[in-house]
There are 2 protein chains.
Amino acid sequence: MLLTVEEAQKRILAHPLPIMPTERVSLLQAWGRVLAEDIVSGDDIPRFTNSSMDGFAVLANDLSQASTAQPVALRVKGTIAAGHPSAQSLAPGEAYKIMTGAPLPEGADAVVQSEWTQIPEENQVLALAAVRPGQNVRPKGQDIQRGEQVLQTGSVIKAPIVGILATVGRKEVMVYRKPRVAIIATGDELVDPGQELEPGKIRNSNSYALAASSLAAGAEPLIFPPAADTQEMISQRFRQASSADIILSSGGVSVGDFDWVKNVLSTEGSLELWRVNMKPGKPVTFGTLHNRPFFGLPGNPVSALVTFELFVRPVIRMMMASHHWQRRVLSLPLYQPFSEVHDRRHYVRSRLVQDGDRLYVWPYQKQDSAVQSSWREAEALMVVPENSGPYRSGEVLPVILLTTDS
Amino acid sequence: MLLTVEEAQKRILAHPLPIMPTERVSLLQAWGRVLAEDIVSGDDIPRFTNSSMDGFAVLANDLSQASTAQPVALRVKGTIAAGHPSAQSLAPGEAYKIMTGAPLPEGADAVVQSEWTQIPEENQVLALAAVRPGQNVRPKGQDIQRGEQVLQTGSVIKAPIVGILATVGRKEVMVYRKPRVAIIATGDELVDPGQELEPGKIRNSNSYALAASSLAAGAEPLIFPPAADTQEMISQRFRQASSADIILSSGGVSVGDFDWVKNVLSTEGSLELWRVNMKPGKPVTFGTLHNRPFFGLPGNPVSALVTFELFVRPVIRMMMASHHWQRRVLSLPLYQPFSEVHDRRHYVRSRLVQDGDRLYVWPYQKQDSAVQSSWREAEALMVVPENSGPYRSGEVLPVILLTTDS
């Protein structure tokens, strides 16, 4: 009995997942984190009515007839620069030279741009165009009003949000702590990079690739040494890992004689689901262990990364309390025919190709899950429904987007 | 004379930009960085022919007639687990029980899956299905051949590449150093968050938002204190900033009496371009200062971020030697009509909306560049050509994608 990917995702996310505690960080440390407080502005933004142009602060009414043919002369009372408080006020027939961002003097209601003025003599300006009341003026509170909630808990703090936080005067902010993800590869055959490879051994690559995926998801990875294929060793490593917020293993979840992960999970925790109707990655395990969410990912490196993307990343984002925990899915036409048909949902490693005005999805040729090297760019996963296909060029399929760079 | 955005981008990128020096980092530190060496595999991957299934290693020829109705009996000589060297060899009529990833014994050429076997008595197995030679076997070197170049300098190191580096045994790798971006906001009116706001003053938000954008681009931001509006102060800050790899200022690039940035640039460096035909962000300056690429961005917070995205980010990515320095541009239909028409190219802050099977672009309503708060999500910039529009719902426009999360 295989679960569908949707059913597995639903069951995993329906599980009571702990939300991370909060911590206070500086604005720059906050970038990429998830906001753990609602932000209310203590000020109007802008704080005072100001000029949006370099020019002359005026009374619009004075210039109602102004044009290039009939310039209107005003007396210039002085210059107002940004950053300097304005005690000035303006009467009919008067103007102040004013810089972008400088406070509008009392009595003025518009700014005529420098480009539409001439200076015939000192202390005089000729306005060559009419202005509406409010023209080239940013009223106090136009962007944000005092007491307004400008940001909501759960927002991912990207550059514009860092800017808004600074604008309302915050230099520190509450965010959710990064979930700590314990990563344990299992298998007698695994040897870490840099150590000697004896016959029959292979490199432990999953621990590093899954740690990188955890970083990309916004978590803090903790790599544990690989566990040998015995129930005792695996059980011991899992206990060591229980200080983390999420426990992740790779390997040992299949049906072999030495696949102990499920045993340990059933004995010492709870096994919630085991096999999912997908390719690559069928044997993916979810449960709880030492009261932590536990994922037993397949040992195959491609399967481990694809199941991480579909099942672990959303859980990390949920535990960080992010509003944004799903990847963007595009509908894109195939650049080349895709003829593989499978009884399992197929997540096909793909590139994106711009051809003229259109963006296409172009699967890598080698989709064997043993072939790591065909996923260097990690641009997208094309989703081929079970028992569907073959597909012709131009047919449209859903595509999970993994990067914004081309 | 306004330059087009393309012309400005072309001129900036045609400028001789220094490539960062390289440094050696650990695999996990390498995540998100740009590879500064070609990677050649010293091994075949897999290193030895192995089983892709749990089952029995056999000679395919022995089972050519096997079926559920006519099982073929083989003598089981032992068990081969992953991680243990196999000195075993197999003759016709024999089988080894074998685990996924374990080395194939000499003489075997296929694996029959456990699911298609029965164990009638100890040391015997019944095969219930025929297998092809090579079935359920991963041949040595199938993924990567010894001496093959698997990764190229200039690749962005994402999780699958971290996995490939570990697979070929690397625990450290050469990457390009992160460009250091000096950030200097200019203006008498600017006060950093956390400090007291006197009348006429506003918050310095650009330094923080641009620093966050620099982090997002893969650079290391260095925030300098804001510079007051005098040529001397600006010149002094720029000199202090010249230890960085890129110098970025905001404000002071317009036509006001106190806009000194261009003066300093012309006097102490070179001014290459000044005004670009875009909205927001017309007054954007590029040149060199103290032999560093210099950008004078507009003081308006929205304009500063949009011009960073279009002009600074590509330069940072180029200086990191990344092959991927452009954002993905999608062609998406409008979710609502867009009626603003401008004589400048308009970069419209937008959300993306999934409705049924289709993804739409949905501009935020307040596009005034003074309005920071309408860009909280920073999902996309819709590109509206100059003097075009109004557009109806469903009409398709280019959209610069800023995030993969929905």
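Since the model is a prediction, treat every value here as computed from it, not as a measurement. (Residues numbered from 1 in each chain as written. Chains lettered and ligands numbered in written order. Predicted model: local features only at pLDDT ≥ 70, side-chain atom pairs only at ≥ 80, totals over all residues.)

Of note, Ile144(B) is situated in the loop between β10 (137–138) and β11 (149–151). When the 22 C-beta atoms within 10 Å are taken as the criterion, Ile144(B) is described as buried. A sequence separation of 145 residues divides Ile144(B) from Leu289(B), and the C-alpha atoms of the two residues are 47 Å apart. For Ile144(B), the residues in contact, after removing those within four places along its chain, are Ser373(A), Ser41(B), Asp44(B), Ile45(B) and Val150(B). (Helix = DSSP H or I, 4+ residues; strand = E, 2+ residues; numbered from the N terminus. Buried ≥ 20, exposed ≤ 12 C-beta atoms within 10 Å, placed from the backbone. Contact = placed C-beta atoms within 7 Å.)

Turning next to the sheet that holds strand β9 (residues 124–127) of chain A. Residues and elements named next belong to chain A. One open sheet accounts for six strands, arranged β7-β4-β6-β5-β9-β8; its pairing is mixed. Taken across any chain shown, the strands that pair with only one partner, and hence form the sheet edges, are β7 (110–113) and β8 (117–118). Where strand β5 (residues 72–80) lies against β9, four bridges are found, and the strand directions are antiparallel. The residue bridging arginine 75 from the neighbouring strand is glutamine 124, located in β9. (Pairing = 2+ DSSP bridges.)

Let's shift gears to the relation of the copies chain B and chain A. When chain B is fitted to chain A, the best match, at an RMSD of 0.0 Å, comes from turning it 180° and sliding it 0.0 Å along the axis. Taken together, the rotation and translation describe the operation of a two-fold axis. For chain B, the residue whose C-alpha comes nearest the rotation axis is Thr404(B), separated from it by 3.1 Å. (Least-squares fit on C-alpha atoms with pLDDT ≥ 70 in both.)

Further remarks concern helix α3 (residues 159–167) of chain A. Residues and elements named next belong to chain A. Most of α3 sits out of view: nine of its nine residues are buried. For α3, the complete set of buried residues consists of Ala159, Pro160, Ile161, Val162, Gly163, Ile164, Leu165, Ala166 and Thr167. Glycine 169 sits one or two residues past α3 and shows a positive phi near 90°.

This part takes up the packing of helix α4 (residues 206–217) of chain A against helix α7 (residues 301–319) of chain A. Residue and element names in this part refer to chain A. Here α4 crosses α7 at 30°, and the two axes come no closer than 10 Å. In terms of orientation, α4 and α7 fall into the roughly parallel class. Crossing hand, α4 versus α7: right-handed. Facing α4, whose interface residues are Asn206, Ala209, Leu210, Ser213 and Ala217, α7 presents Pro301, Ala304, Leu305, Phe308, Arg313, Ile316 and Arg317. Its residues placed into classes, the contact of α4 with α7 shows eight nonpolar, two polar and two charged. (Axes fitted to C-alpha atoms, helices over the stretch in contact; angles between N-to-C directions. Parallel < 35°, antiparallel > 145°, perpendicular 65-115°, else oblique. Left-handed = near helix turned anticlockwise from the far one by under 90°. Nonpolar A, V, L, I, M, F, W, Y, C, P; charged D, E, K, R; others polar.)

Once that is clear, we can look at the domain arrangement of chain A. Reports of interface size often rely on the accessible area that becomes lost once the parts have come together. As assigned here, chain A comprises domain 1 (5–20 + 178–319), domain 2 (27–45 + 152–176), domain 3 (50–138) and domain 4 (329–401). For domain 3 of chain A versus domain 4 of chain A, the distance between C-alpha centres works out to 60 Å. (Domains from an automatic or database assignment.)

Mapped onto the secondary structure, Gly287(B) falls in strand β20 (residues 283–289). Distance in space between the C-alpha atoms of Gly287(B) and Arg392(B) is 40 Å, their sequence separation being 105 residues.

Moving on, we come to the sheet that holds strand β4 (residues 55–58) of chain B. The strand order across the open sheet built from six strands is β7-β4-β6-β5-β9-β8 (chain B), with neighbouring strands paired in mixed fashion. Edge positions in the sheet fall to β7 (110–113) and β8 (117–118) of chain B, since each of these pairs with one other strand and no more.

A few words on the interface of chain B and chain A. On the chain A side, the residues contacting the 88 residues of chain B number 88 residues. Of all the secondary-structure elements, those providing two or more residues to the side of chain B that touches chain A are α2 (27–30), β11, α3 (159–167), β15 (202–203), α4 (206–217), α7 (301–319), β22 (329–333) and β24 (358–363) of chain B. With eight residues, the single largest contributor to the side of chain B that touches chain A is α3(B). Split by residue class, the side of chain B that touches chain A holds 39 nonpolar, 30 polar and 19 charged.

With that out of the way, let us pick up the packing of helix α5 (residues 231–240) of chain B against helix α6 (residues 261–268) of chain B. All names here are of chain B. Between α5 and α6, the shortest axis-to-axis distance is 9 Å and the interhelical angle comes to 60°. Put simply, α5 runs oblique to α6. Between α5 and α6 lies a crossing of right-handed hand. Listed contacts from α6 to Gln231, Ile234, Ser235 and Phe238 of α5 are Val261, Asn263, Val264 and Glu268. A class-by-class count of the residues in the contact of α5 with α6 yields four nonpolar, three polar and one charged.

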